[in-house]
Structures are given as structure tokens and as C-alpha cells.
Amino acid sequence: MTQDAWQATACILCTCNCGLKVQLNAEGTDIARIKGDENHPASQGYVCNKASRISYYQHGADRLSSPKRRRADGTYEDIDWPTAIAEISERLRSVRDTHGGERIFYYGGGGQGNHLPGAYARSTLAALGVRWRSNALAQEKTGEFWVAQRMFGGWPHGDFEHAEVAVFLGKNPWQSHGVQRARATLRDISKDPNRTLIVIDPRRTETADLADIHLAVRPGRDAWLLAGMIAVLVQEDLIDRPWLLEHTRGAEAVIAVFRSVDVQRCASACGVAADTLAATARCIGRASSVAVLEDLGVQMNRHSTLVSYLQRLLWVLTGNFGRPGTHYTARGLGGIGNGVERGRSPVLGERIIAGLVPCNIIPDEVLSSHPNRYRAMIIESANPVHSLADSAKWRQAMRALECSVVIDVAMTETARQADYVLPATSQYEKAEATFFNFEFPDNFFHVRAPLFAPRDGALDEAEIHYRLVHSLGALPDGVDASLNRALEEGGREAFQAQVFTLLAEQPTLADFAPVLLYRTLGRTLPEGMRNAATLWALAHQHALGHRESLERAGFAGEGMALGEALFDAMLSSPSGMVVSSEGWESVWARVPGGQIELALPELLAEAETLPHTVPEETSQAYPLLLAAGERRSFTANTIIRDPAWRRKDGEGALRMHPEDAARINLGERSQARVISASGSAEVTVTLDERMYRGQVSLPNGMGLSYAYVDGTQRTVGAAPNELTSTDLRDAYAGTPWHKTVPVRVEAM
Ligand SMILES: Nc1nc2c(c(=O)[nH]1)N[C@H]1C(S)=C(S)[C@@H](COP(=O)(O)OP(=O)(O)OC[C@H]3O[C@@H](n4cnc5c(=O)[nH]c(N)nc54)[C@H](O)[C@@H]3O)O[C@H]1N2
Ligand SMILES: Nc1nc2c(c(=O)[nH]1)N[C@H]1C(S)=C(S)[C@@H](COP(=O)(O)OP(=O)(O)OC[C@H]3O[C@@H](n4cnc5c(=O)[nH]c(N)nc54)[C@H](O)[C@@H]3O)O[C@H]1N2
Ligand code: SF4
Ligand SMILES: [Mo]
């Protein structure tokens, strides 16, 4: 490919994964030009201000290029791959043989732009008998998943492109996206006199600037606001009774509760005037279509699971599901959003939702003396020491493990606590894809080809997991040889037949399919695409289960040929493609029994008592509430480590209302100390009259220790989880209350 040709890829800085077109420099070592990809089926040429900065990810000075082993003094030495794989598999095997594979924990598996590591890890976990795992979804979305699963049998999303009324609850899409082409969509709604944009957020955000109605809810009190709004709908009979009768179960129980909820009490608890609250409820009740999106402002907050339930009642009671402009469940290739509850965690006995241990309890389940504690950990494509509550406790937990392994592209805060660090190729050096595809009626998928040659010393996750599984002796002899022979002699058709024969003989081989596909089929894929081999199984699964939606998307083929056609299209659609196309009837077909369950007893009971309880979130020692981890124009979790990528707010200032600041004699750019019950951090203050009085905020993803090329190591900004606590968490899902951490701020 000539250097001035435009190559397709994607932005990896948030879940939207907007399609990009890039031109490389003459040497092919860096991106020279970058623009949105018009051919991408979802983003359609859209990008935000962050996309042009992805080179900072690719060229980070602390990228890894050799496996590393920790020395007794906490420094690291480079070791070669064979040594690393042999030692790691030996030590993990020893934990498994002595204490059982269930004592080995797996964390991560993907970030905002890459979900293939987790797919390959399945083989390693099977080889070791790993049972317990988690990832970032269990510190934000599991409560929502649990509620949605029980109500809808899946995770509904809003049709914001067509909704008359759009509601953003604890969500600032102007900065954080979460819907495709967010800024364009927000502007469209805002400009249209027939549509209404409602933002519920203590802060007057950039999104709130565009809103018709901004409810500046008191921090942590959304449950009261929503309960009050539902009560208005019920008490003024703005609910859709005929629709409820046909499409839901349990409406009577819900109506009975909210008939007696005191709106006035709810209003005073949440700090929104009763008439404003009621007018907003009426706006929702009278609209022809409503779509709602909740996010961290409520998910990382008090009563988060209850709020996930109440916000759904608001739009289900008014009939806003299963038709254009309302809500749908999507038919994507991945399984994100399945909120089935199964079992309890092994030490503290907390609820397991979506197969994930609540993030907030992981370090306690390591540091415990309980015989079922986790004794080893594999962490891949995640930085939990920085991203999960209570970094100090996490560091302690990491060092208490008998063996810990981090697979990452960079030397992260988590890597610095691990026994072994394994370097992965970057997302622009291998085939990658994510499963964050929630669009409807057309759902897309995007397999990206690499832009650059792999960095010396780093390996694709597929290869890392293959080597681990092989070294653990978990692959039965002759299996890859028989698959390779089938491929050579009879192509894909013979390969399929051999896969079925093998699976019929040994069903447990399914767990090793990812690494086996990589080692066999992967060799036949175009240069650079081997890391995508495991998608072959997914393509066939999708084709077998959803032939009709695939055919509507334009695919054809009898029997197994349909899956092959899909897989081939995945590898040869550089801008992504539509993998399912459906009508609204399929949304209803996915709701169990065709009826939405409205009465979730424990949450309904809590809603009933809510107006009679008014909590105290602050105290004399900690009079302010910290929103620990706000999305700003230059934050992207910890994906980019070089602080130079930020065009503004370089040090991640503490935002504070001028009146709160004046009370403790702080001015613009004052240096201050934020102190919580768990820790403290030094910050630069910025005065922001958009803030709610009493709430201060720090951005997410700051406070990374960055190794500059000149050999110095510096940290810019405050790491939010030095201040958070594992104990401040939701009663149902264990998700953290990061938006309302009690703190005090002192001048320095
Ligand atoms: N720029 C950028 N975009 C990102 C990311 C990033 O790092 N940077 N990360 C991505 C990820 S992983 C995620 S999960 C999403 C998160 O996306 P968002 O949830 O939109 O992000 P936040 O800014 O953390 O929180 C949203 C809002 O919650 C508000 N809030 C604080 N307290 C309360 C409260 O008590 N009630 C209510 N109703 N609101 C409250 C804050 O003022 C804030 O505006 O963003 C994604 N997009
Ligand atoms: N206090 C507080 N804490 C928060 C938040 C908050 O708002 N407040 N936000 C939370 C949210 S919503 C989320 S989603 C989490 C995110 O936190 P994490 O799930 O820990 O994810 P990231 O910070 O995105 O880190 C991703 C890691 O993957 C590595 N990586 C990048 N590309 C590759 C690759 O190709 N292969 C491999 N193996 N590794 C790669 C990066 O170097 C980085 O270390 O943070 C959470 N933490
Ligand atoms: S950060 Fe911006 S450009 Fe990148 S995927 Fe998200 S919305 Fe798209
Ligand atoms: Mo997230």
C-alpha cells in the first residue's frame, strides 16, 4: 500500500469506536493525516476532538517491548518470551494444583477499542480452571444489566435519532458520547422546536447548555427525583393503561406504590422544585416518543440499581418501548448487557451479575484469610490499580498474591505491582474489534486491519494465550495438526467438518477453539489479520442463530456457507459492515413472553420507603461531595498515558463552585489538598459556576505515572481512586459511589 493511500481504522478512545481514515508518513511509522470515515456504517464520517490524538497511544514512551519480571526490590528486569511463558505457566499451574484453579482470578479482557484479548483468554482460563473474573462493567453497568435483564430479558437502548423527548440522566454525551455522532444528534434535538432535550445533572454541563429542561438534581438524590416524577405520572393518570395491559406484567403493583408516594417530599429531598419536577414528568407523559440514557452520574452513585429501575419505569409506564423513537434491544455479535444473576462471590458472598465479581470487593477477596481467597491473578488490557476503588488497597492486594501477570501495551500502575508483565501489540498493530455495537434496526461490526508492523518484542494476545495454553499442556496432541491437514486438503469446507468431528468427540475442546483457530485458520488469513481468527466461530454462531437478520443485511449462502460469507466479509470490510438488519417485531420477540416485567419486588419496596428517608451524605469532617472521575474534553480512561496529548486542562483541575471556594479562601489556580476517609491528593483548583454548590469534581484517567523518553518519571494530576473507598457501594450490584465521595478541601 502506498503511504498516501487512505487506510481505514477506528478511534479507540471511547465505546463509539468511530471509523477513521488515516494516511501514514513516508516511513510508514506514524499517522500523518486523519479524518472521519464516511463509509463507516455507524459514525458516517463523524469524529470528536480526541480522534486526532491517537498517535499518542501508539507512540507512548512507556510502551513495553519485552516481558518483564519483578525483582525483590520492586524493580523489573527484561526476560525473554520462552522464560516468561515457562515461569508463568509453572507458577500458575502450581497455584492450580495446590489450591484449585478457582483461586486464580481473571480481570479485564478489553478496553474501549479492543475485545479480542478476552476472547483468546477463554482458552487460558479453561486450561487453568479459572472460574472467577471481572472487568470494568462490574463497576458501572452490572446494576443496570440486572434490572434490564429481569424487566426486558436484555439491555435496552434509546432511539435518540427519532425520539421526540430525549433524556440524559447522569450522562454528558457532549464529552463522553455513548451514542453515535453524539454532538450532531444533540444539536439536532436542541434545534428542533418539536423535540425536547432533558438533562438531569447537578452540573450545568455542555449537554445541559443545549437542553430545553435542565434539572440540577442534588448530588446523589436522583432516586427521589425519579420516584417523584413517576408519582406525578401515576397520580395524574399520564400512564398508558391500554398499552400496559397488553405489553407488561405487574403494572398494578407499581401503580399502587406510586399512588401514595409524596411528590412534595421527593422534590425537597432532591432539590428540584415540585412544579418543575411535575412539569418535566408531564412532558414525558405527553410525548409521542421518549428515549432515556443513564450513565455514570447515577451508576456510580447512591441507589444506583434502584435508579436504573426507576428511570425505566418512567418510560415503560408511558409506553415508550418497542417502536421508533423509544427503546429497543439490539442484535449485535457480542453478548454485552446480559444481566443474568448467577451465584455468589467465593469470599464475601456478594451477588454475581453477568458472570462478574463486583469490582469493589476484589481486593478484599484477595486480602482475606478465607480459604477461598484469590491467590493469583491475570490482568489483561485493564489498569485496575488505577481504575478501581481504593488504589492503595489494590496495591496491597496485588502484592499479597502468590502470582500476578499483567498483559498490556504499557508499563501501567497495575503492571508496576505485578510479578510478570507481558507486552502486547497495540490496537494499531494487529486485527482488532469491539462488541460495543448497540445500533438498531441495522447493527454493525468493524474488524480493523493493522496500520503498523508489530513492535519488536510484543505479541498479539492470540499468540500469548496460545503459548500459555501450550505450555500448560492443555491442548490434546494432534488437534492442530488434524485441523491444518483439513485446511490444506479440503479448504474451509473440510475444516468445518473437522471442527465438528473434533467437537463431537471432545466437547470441552470448545474452550480451546480461540487459540486453535488462531493456530490453524489464522495461518491462512491475510497478513496482519491472524488475531481475528477467533471471529470465525462467532460468525458461524451468528449465522446459525440469526439467519434472517443476516439475510436482511444482504448476506446469502446455504447452510454453513452463510457463516463463511459473514467471516469473509468481516475480514474484507475495512470500514465495517452491517451484520444484522431487523424490524421492531424482533425487539418484542426478545422480550420473554412478549411482556415487560414491571414489578421487581425488592426495588419496589425500597421505592416505597424512599420518601420517608432523607440521608446525610456529608459530615463536618467531610462537608463536600467529590465527583471522582468526570469525562472532559481530553480524558480517555488510561488509554493514553502521555500527558502531552491534552490540548487543555493538562493537570486535570478540581472544579469547584466559586462560593464553595471562597468559603475556604481558594481562588482560580489555587493549590489545594482534597482529603477523603481513604486518602488525599494535591490538586489545582478551577472556579466553575456550572458546578452544583457542595459538589466538586476531578477528571478521570489523571495521575498516571509517565516514563518520559529522557528517563524521567513524572505524574500529572490526581489519580481519583487514591480518594475512593471500596465500602461506598451499591447494595445490589456492588457498584461504587464515585460521584459522591465525601471529602474536604484545604488550601495548601
Ligand atoms: N472524553 C471522554 N469520553 C469518554 C470516556 C473518557 O474517559 N473520556 N470514558 C468512556 C466511558 S468508559 C464511560 S463509562 C462513559 C461515561 O460517560 P458519562 O457517564 O457521561 O461521564 P461522567 O462525566 O463520568 O458522568 C456524567 C455526568 O454525571 C454527572 N453527575 C455527577 N453527580 C451526579 C448525580 O448525583 N446525579 C446525576 N444525575 N448526575 C451526576 C456529572 O456532572 C457528569 O456530567 O464515557 C465514555 N466516554
Ligand atoms: N474514580 C473513578 N474511577 C473510574 C472511573 C470514574 O469515573 N471514576 N471510570 C471507570 C470506568 S467507567 C471505566 S470503563 C474504567 C476503565 O478502566 P480500565 O478498565 O482499567 O481501562 P483503561 O483505563 O481504559 O485501561 C486499559 C488498559 O489497556 C491497555 N491497552 C490498550 N491497548 C491494549 C491492547 O491492545 N492490548 C492490551 N493487552 N492492553 C491494551 C492500556 O494500556 C491500559 O492499561 O475506569 C473506571 N474507573
Ligand atoms: S473519542 Fe470521539 S472520535 Fe473517538 S470514538 Fe469516541 S466519539 Fe468517536
Ligand atoms: Mo466505562
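Cut-offs applied
Residues numbered from 1 in each chain as written. Chains lettered and ligands numbered in written order. Predicted model: local features only at pLDDT ≥ 70, side-chain atom pairs only at ≥ 80, totals over all residues. Heavy atoms only, no water. Domains from an automatic or database assignment. Contact = heavy atoms within 4.5 Å. Buried area = accessible area lost by both parts, 1.4 Å probe. Pairing = 2+ DSSP bridges. Helix = DSSP H or I, 4+ residues; strand = E, 2+ residues; numbered from the N terminus. Axes fitted to C-alpha atoms, helices over the stretch in contact; angles between N-to-C directions. Salt bridge = Lys/Arg side-chain N within 4 Å of Asp/Glu carboxyl O. Buried < 20%, exposed > 50% of the residue type's maximum accessible area, 1.4 Å probe, protein only. Phe/Tyr/Trp six-rings, centres within 6.5 Å; stacked < 30°, edge-to-face > 60°. Near = heavy atom within 4 Å. Polar contact = N/O pair within 3.5 Å; in protein donor to acceptor, adjacent residues only side chain to side chain. Areas by Shrake-Rupley, 256 points an atom, 1.4 Å probe, with all protein chains shown as cover. Nonpolar A, V, L, I, M, F, W, Y, C, P; charged D, E, K, R; others polar. 1 Å grid on protein atoms, 1.4 Å probe; cavity = no way out; pocket = protein on both sides within 12 Å on 5 of 7 lines; lining within 4 Å. Points joined across faces, edges and corners; volume = space filled by probe spheres on them.

## Structural notes on the domain arrangement of the chain
Part 1 of the reasoning: Here the domain parsing of the chain yields domain 1 (1-53), domain 2 (142-331 + 590-610) and domain 3 (616-747).
Part 2 of the reasoning: Relative to domain 2, the C-alpha centre of domain 1 lies at a distance of 35 Å.
Part 3 of the reasoning: Contacts between the two partners involve ten residues from domain 1, matched on the other side by ten residues from domain 2.
Part 4 of the reasoning: Summed over both partners, the interface of domain 1 with domain 2 buries about 790 Å², with 50% contributed by carbon and sulfur atoms.
Part 5 of the reasoning: Among the residues domain 1 hides against domain 2, the three largest losses belong to C16, A42 and Y46. Together they make up 57% of the total.

## Describing the sheet that holds strand β11 (residues 213-215)
Part 1 of the reasoning: Pairing is parallel across the open sheet formed by four strands, whose spatial order is β11-β10-β9-β13. Among the strands making up the open sheet, the edge pair consists of β11 and β13 (290-294). Between one strand axis and the next, the sheet turns by 10° as a mean value, whatever way the strands run.
Part 2 of the reasoning: Here strand β9 (residues 165-169) pairs with β13 via five bridges, running parallel. Looking at the pairing, L169 lines up with E294 of β13.

## Section: the pattern of salt bridges
Side-chain pairing between opposite charges can occur once the charged atoms of the two side chains come close.
Part 1 of the reasoning: Evaluation of the coordinates by the stated rule reveals 55 salt bridges.
Part 2 of the reasoning: Put simply, R204 and E689 hold a salt bridge, and the shortest N to O gap is 3.1 Å. Residue R204 is located in the loop between β10 (196-200) and α7 (206-209), and its partner E689 is located in the loop between β26 (680-687) and β27 (695-699); the two are separated by 485 residues in the primary sequence.
Part 3 of the reasoning: Among the residues examined, R204 registers a relative accessible area of 30% and is labelled partly exposed.
Part 4 of the reasoning: Close ionic contact of E252 with R241 constitutes a salt bridge, the shortest N to O distance being 3.9 Å. Pair noted here: E252 is in helix α10 (residues 251-259) and R241 is in helix α9 (residues 241-247), with a separation of eleven residues, a long-range link.
Part 5 of the reasoning: The exposure class of R241 is partly exposed, given its relative accessible area of 34%.

## Re the packing of aromatic side chains
Part 1 of the reasoning: Within the structure shown, the criterion is met by 20 aromatic pairs.
Part 2 of the reasoning: Arranged with centres 5.0 Å apart and planes meeting at 70°, the rings of W155 and F438 form a pair that is edge-to-face. A residue pair is termed long-range when its members are at least 10 positions apart, and W155 in the loop between α4 (142-152) and β8 (157-158) and F438 in the loop between β19 (420-423) and β20 (442-445) qualify at 283 residues.
Part 3 of the reasoning: An angle of 75° between the planes, with centres 6.2 Å apart, marks the rings of Y328 and W584 as edge-to-face.

## A word on the site of ligand 1
Part 1 of the reasoning: Close to ligand 1 lie 33 residues, the nearest being S176, D201, D222, T635 and K739.
Part 2 of the reasoning: I200 has a polar backbone atom sitting 3.1 Å from a nitrogen atom of ligand 1.
Part 3 of the reasoning: N301 has a polar side-chain atom sitting 2.8 Å from an oxygen atom of ligand 1.
Part 4 of the reasoning: Computed on the free molecule, ligand 1 has an accessible area of 910 Å², of which 97% lies beneath the protein chains in the complex.
Part 5 of the reasoning: Listed by contribution, the elements that provide at least two residues to the shell around ligand 1 are α5 (173-176), α13 (296-299) and β23 (624-630).
Part 6 of the reasoning: If you tally residues by element for the shell around ligand 1, the top one is α13, at three residues.
Part 7 of the reasoning: In terms of residue class, the shell around ligand 1 is built from eight nonpolar, 14 polar and eleven charged.

## Examining the layout of surface pockets
Part 1 of the reasoning: Roughly 500 Å³ of internal volume is contained in the second largest pocket.
Part 2 of the reasoning: Looking at the second largest pocket, it is lined by 27 residues, and the ones nearest its centre are E429, P450, E527, G528 and M529.
Part 3 of the reasoning: Residues of the lining of the second largest pocket, tallied by class, amount to 16 nonpolar, four polar and seven charged.

## Structural notes on the site of ligand 2
Part 1 of the reasoning: As a matter of local geometry, ligand 2 sits amid 29 residues, with S387, D408, E461, A628 and T638 nearest to it.
Part 2 of the reasoning: K430 places a side-chain nitrogen or oxygen 3.0 Å from an oxygen atom of ligand 2.
Part 3 of the reasoning: One of the side-chain N or O atoms of N721 is found 2.9 Å from a nitrogen atom in ligand 2.
Part 4 of the reasoning: For ligand 2, the protein covers 96% of the area, taking 920 Å² as the surface of the free molecule.
Part 5 of the reasoning: At the level of secondary structure, the elements contributing two or more residues to the shell around ligand 2 comprise β18 (403-408) and β23.
Part 6 of the reasoning: The residue makeup of the shell around ligand 2, split by class, is eleven nonpolar, 13 polar and five charged.

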